[in-house]
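Below, each chain spelled out in residue letters.
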Amino acid sequence: MSDPLTTVRENLARVEERIHAAARDAGRSRDEVRLVGVTKYVNAATAALLAQAGCHDLGESRPQELWAKAEAAEFADLPVRWHAVGHLQRNKVNRTIPLVAIVHSVDSVRLLKAIDACAAGLGVVRDALLEVNCSGDPEKHGVAPEDLPAVIQRLPEFPRVHIRGLMTMAAREGGLEVARRNFARLRELRDQAAIGAPEGVELTELSMGMSADFEAAIAEGATIVRVGTALWEGLAD
Ligand SMILES: *Cc1c(COP(=O)(O)O)cnc(C)c1O
């Protein structure tokens with residue numbers, strides 16, 4: 001058995017190869033797609049190996065896990081940008097916002113308002129994405145597609161939150177075909193929303209695609225893919 005860092009390097013190389021191939025097939029440049037390594041399956045020491053291997057964008061879905069990892073000694077000397085990718089409750093905003101570069105999962109005006117207030121207190125402007133429930137799954141978080149234009153119209157009320165684009169989670173059921181339709185939907189929603197968006201709102205980012213379906217997401221215009229499982233194969237935590 002090889003050592004864990006070697007395993008992580010090999011997994012990362014394989015994911016990189018898949019991203020390159022998907023971008024090439026879509027007639028896009030590799031540089032248009034950012035890889036976020038999702039660390040929720042592993043502890044801080046193992047997660048830090050991914051940063052050592054060269055992936056400096058790391059994502060966590062649970063706020064408490066994010067706090068623990070971002071503040072762990074293993075990351076002290078590593079230049080990591082943390083991404084909050086899962087549901088963020090308002091009572092977790094104040095501890096989360098100082099630690100992250102971007103929040104992927106803004107799903108309500110109330111959350112926007114809480115992040116805005118927190119960022120104002122810190123004297124920063126925080127990047128974020130609006131999560132959209134493209135699959136219609138009632139168990140999924142995210143703004144309903146029909147409510148998206150109204151939320152976007154309100155963005156100027158929250159100048160400390162810089163909404164850079166949209167994020168979605170594909171339906172669990174239905175396989176690649178349904179996932180790809182969800183991704184296409186997010187791109188179309190973005191294109192429509194961009195037309196009527198208030199001055200200064202640019203929705204350039206599309207965060208979509210995970211281990212099983214990120215090629216489909218890249219084909220549909222993903223600029224950020226969030227990959228967990230494929231990066232941790234062969235590693236016991
Ligand atoms: C777990 C998770 C991912 C990564 O999923 P994998 O299928 O393990 O690649 C991406 N985004 C979010 C929000 C997640 O919770």
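Just so we're clear, the structure is a prediction, and the values are computed from it rather than from any experiment. (Residues numbered from 1 in each chain as written. Predicted model: local features only at pLDDT ≥ 70, side-chain atom pairs only at ≥ 80, totals over all residues. Heavy atoms only, no water.)

Asks: Would you mind going over the nonpolar core with me for this structure?
Replies: Side chains that are nonpolar tend, in soluble globular proteins, to be buried together. Membership of the largest hydrophobic core comes to 71 residues, with the highest contact counts inside it found for Phe 75, Val 103, Ile 218 and Val 225. With near-sequence residues (within four places) excluded, Ile 218 lies in contact with Ile 19, Ala 22, Ala 23, Ala 26, Arg 28, Val 33 and Val 225. By size, the runner-up hydrophobic cluster in this structure holds 5 residues, among which are Val 36, Leu 129, Met 167 and Ile 224. (Core = buried A, V, L, I, M, F, W, Y, C linked by side-chain atoms within 4.5 Å. Buried < 20%, exposed > 50% of the residue type's maximum accessible area, 1.4 Å probe, protein only. Contact = heavy atoms within 4.5 Å.)

Asks: Honestly, the environment of Ala 144 in this entry has me stumped. Any pointers?
Replies: Topologically, Ala 144 is positioned in the loop between strand 5 (126-131) and helix 6 (148-153). Sequence separation between Ala 144 and Val 80 is 64 residues, and the spatial gap between their C-alpha atoms is 32 Å. (Helix = DSSP H or I, 4+ residues; strand = E, 2+ residues; numbered from the N terminus.)

Asks: Help me out: how do you make sense of the packing of aromatic side chains in this one?
Replies: How two aromatic rings sit relative to each other is given by the distance of their centres and the angle of their planes. Per the counting criterion, the structure on display carries 1 aromatic pair. Summarising the aromatic geometry, the rings of Phe 75 and Trp 82 are spaced 5.2 Å apart at their centres and angled 75° between planes, so their arrangement reads as edge-to-face. Here the two residues Phe 75 and Trp 82 agree in accessibility, since each one is buried. (Phe/Tyr/Trp six-rings, centres within 6.5 Å; stacked < 30°, edge-to-face > 60°.)

Asks: It is not clear to me how the site of the ligand should be interpreted in this structure. Could you clarify?
Replies: Neighbouring the ligand are the residues Val 38, Lys 40, Tyr 41, Ser 61, Val 85, Met 169, Met 210, Ser 211, Arg 226, Val 227, Gly 228 and Thr 229. Between an oxygen atom of the ligand and a side-chain N or O atom of Lys 40, the distance comes to 2.7 Å. Separating an oxygen atom of the ligand from a side-chain N or O atom of Tyr 41 is a distance of 2.6 Å. When the ligand is considered free in solution it has 380 Å² of accessible area, and contact with the protein chains removes 90% of it. Tallied by class, residues from the shell around the ligand come to 6 nonpolar, 4 polar and 2 charged. (Near = heavy atom within 4 Å. Polar contact = N/O pair within 3.5 Å; in protein donor to acceptor, adjacent residues only side chain to side chain. Areas by Shrake-Rupley, 256 points an atom, 1.4 Å probe, with all protein chains shown as cover. Nonpolar A, V, L, I, M, F, W, Y, C, P; charged D, E, K, R; others polar.)

No statement about biological role is implied by the geometric values presented.
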